[in-house]
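Geometric and topological summary
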Amino acid sequence: MSATESRETRHSIASSMIDGISHVSTLPEVTLRIVDVIEDPTSSARDLHQIIVSDPALSARILKVVNSSFYGMPRQVGSMNRAISLLGLNAVKNIAVAASLGRMFRGASRIPGLDPRHLWDHSLDTAVATCMIARASGSDCAEEAFLAGLLHDIGLMVEFQHDAALFAGMIGTLDLEPDGTPASDLRALEVERFGVEHQDLGAVLCQHWKFPKSLIRATANHHDPGVLRGDDAMMPWFVHVGDRIAARSEPGFRLDLPELEVSLEACDAIGVGPTGIRRVRDALAAERLEIRGSLAA
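My aim in this report is to walk through the structure given alongside it, one point at a time. Keep in mind the model is a prediction, meaning the values are calculated, not measured.

Calculation rules
- Residues numbered from 1 in each chain as written.
- Predicted model: local features only at pLDDT ≥ 70, side-chain atom pairs only at ≥ 80, totals over all residues.
- Heavy atoms only, no water.
- Helix = DSSP H or I, 4+ residues; strand = E, 2+ residues; numbered from the N terminus.
- Rg over C-alpha atoms; globule rule 2.2 N^0.38 Å.
- Buried < 20%, exposed > 50% of the residue type's maximum accessible area, 1.4 Å probe, protein only.
- Contact = heavy atoms within 4.5 Å.
- Areas by Shrake-Rupley, 256 points an atom, 1.4 Å probe, with all protein chains shown as cover.
- Lys, Arg positive; Asp, Glu negative; His and termini not counted.
- Charge placed at Lys NZ, Arg CZ, Asp CG, Glu CD.
- Salt bridge = Lys/Arg side-chain N within 4 Å of Asp/Glu carboxyl O.
- Phe/Tyr/Trp six-rings, centres within 6.5 Å; stacked < 30°, edge-to-face > 60°.
- Arc of directions from axis to C-beta.
- Polar contact = N/O pair within 3.5 Å; in protein donor to acceptor, adjacent residues only side chain to side chain.
- Axes fitted to C-alpha atoms, helices over the stretch in contact; angles between N-to-C directions.
- Parallel < 35°, antiparallel > 145°, perpendicular 65-115°, else oblique.
- Nonpolar A, V, L, I, M, F, W, Y, C, P; charged D, E, K, R; others polar.
- Patch = residues over 30% accessible without salt bridge, like charges linked within 9 Å, V, L, I, M, F, W, Y side chains within 5 Å.

Looking only at helices and strands, the chain features 17 helices and 0 strands. Taking 19 Å as the expected radius of gyration for a compact globule of 297 residues, we find that the chain reaches 18 Å, a close match to that expectation. The 297 residues of the chain split such that 52% are buried. In the chain, of all internal contacts separated by at least 6 residues, the share reaching a separation of at least 24 is 66%. A total accessible area of about 12,900 Å² is found for the chain, and carbon and sulfur atoms account for 50% of it. Measuring between centres, the 28 positive side-chain charges of the chain sit 7 Å from its 39 negative side-chain charges.

See below:
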């Protein structure tokens, strides 16, 4: 089978798995409306405001996030119009998507070897770390980097929701090092058990949700960003680094990361050296609990 045929086969398997899980494949209506408004160049902040205020829970969450230390506002923000103005449209979209995904992760049952809530905490930590890494690199796409980090392991949840017993059996076969990293290859096991790995599933789900190509590439290649070139590789590299920084948090999710160190190749790719990586790691340690609390359901 050629590489092209292999990609097409994985795409077909991933699409079939996602189509069979309606509560994963379809975002809540209010989130879809927010995404549509933000992607529509003719829409305005007023259109977004009307959607958000129709959902009191989402409104409260947005105000909680804008007033968190992550955004560092000089004074308390109590107006939704002001919050949208200060956060920006893409940040509001991120919060709405995060709220939707959080309910999905936290609503899943725990299985031996994996608590989906830990995977959700890791996704949030990765989102924050990836955003910080993008800022440290001088990139102007930090908000998009947050969403890329948030979504990077969503394919694992697709596998879990598709067949929890098969997923649990797969996790149970992993040999772990003392630090919790795998001695065996989870991605190879995924292909063996499901016919695809979580990068394939994440990419197809992002396509299904009509997210930008940069997010699709980040979910598809955060383990192997070196296969891409130029600007296409930058977002996957941000997530690649953010994933490793976040995995050091407790309880960090490490089952798909045989190596937690950020390589010199990764540092060169993003233009952030080891000192900058340490700064982000320290900043994440200070911010992560508040961000988790702000985005809690």
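A separate point is the pattern of salt bridges. Enumeration according to the criterion identifies 9 salt bridges in this entry. Taking the shortest distance from any N to any O, the salt bridge between Arg10 and Asp200 comes out at 3.2 Å. With Arg10 in helix 1 (residues 3-19) and Asp200 in helix 13 (residues 198-208), this residue pair connects regions lying 190 residues apart in the sequence. Owing to a relative accessible area of 19%, Asp200 belongs among the buried residues under this scheme. For Arg217, the salt bridge identified is with Asp232, shortest N-O distance 3.5 Å. Here Arg217 is found in helix 14 (residues 213-221), whereas its partner Asp232 is found in the loop between helix 14 and helix 15 (234-247), with 15 residues between them in sequence. When its relative accessible area of 36% is taken as the criterion, Asp232 is described as partly exposed. Bridged by salt links that share partners, the residues Arg10, Arg187, Glu197, Asp200 and Asp224 form one connected network.

Okay, the packing of aromatic side chains next. Under the criterion given, the structure shown has 3 aromatic pairs. Between Phe160 and Phe167, the ring centres sit 5.7 Å apart and the planes meet at 85°, which makes this aromatic pair edge-to-face. Here the aromatic rings of Trp209 and Phe211 are separated by 5.8 Å at their centres, their planes lie at 75°, and the arrangement is edge-to-face. Here Trp209 matches Phe211 in class, with each residue buried.

Right, let's talk about helix 12 (residues 186-194) for a bit. Along helix 12, the residues that are buried comprise Leu186, Leu189, Glu190 and Phe194. Here the buried residues of helix 12 occupy an arc of 105° about the axis, which is enough to place them on one side. Its side-chain oxygen at 3.0 Å from the backbone nitrogen of Arg187, Asp185 defines the N-terminal cap of helix 12. Following helix 12 by one or two positions, Gly195 adopts a phi angle in the positive range, close to 85°.

Here we take up the packing of helix 7 (residues 89-106) against helix 8 (residues 116-136). Remark: helix 7 packs on helix 8, axes separated minimally by 8 Å, with the N-to-C direction vectors making an angle of 155°. One way to sum up the angle between helix 7 and helix 8 is to call them roughly antiparallel. Residues Ala98, Leu101, Gly102, Phe105 and Arg106 of helix 7 pack against Pro116, Arg117, Leu119, Trp120 and Ser123 of helix 8. Here the contact of helix 7 with helix 8 is built from residues that sort into 6 nonpolar, 2 polar and 2 charged.

Attention now moves to unusual backbone geometry. Even without being a glycine, Lys210 presents a positive backbone phi close to 60°. For Lys210, the location among the structural elements is in the loop between helix 13 and helix 14. Given the relative accessible area of 68%, Lys210 is considered exposed.

A cluster of acidic residues, Asp175, Glu177, Asp179 and Glu259, forms a negative patch at the surface. For Glu259, the position within the fold is in the loop between helix 15 and helix 16 (264-270). Classification of Glu259 as partly exposed rests on a relative accessible area of 44%.

Our next topic: the environment of Asp153. Relative to the elements of secondary structure, Asp153 occurs in the loop between helix 9 (142-151) and helix 10 (154-162). With 144 residues separating them along the chain, Asp153 and Thr9 place their C-alpha atoms 21 Å apart. Those residues in contact with Asp153 that sit more than four places away from it in its chain are Leu119, His122, His198, His222, Phe253 and Asp256.

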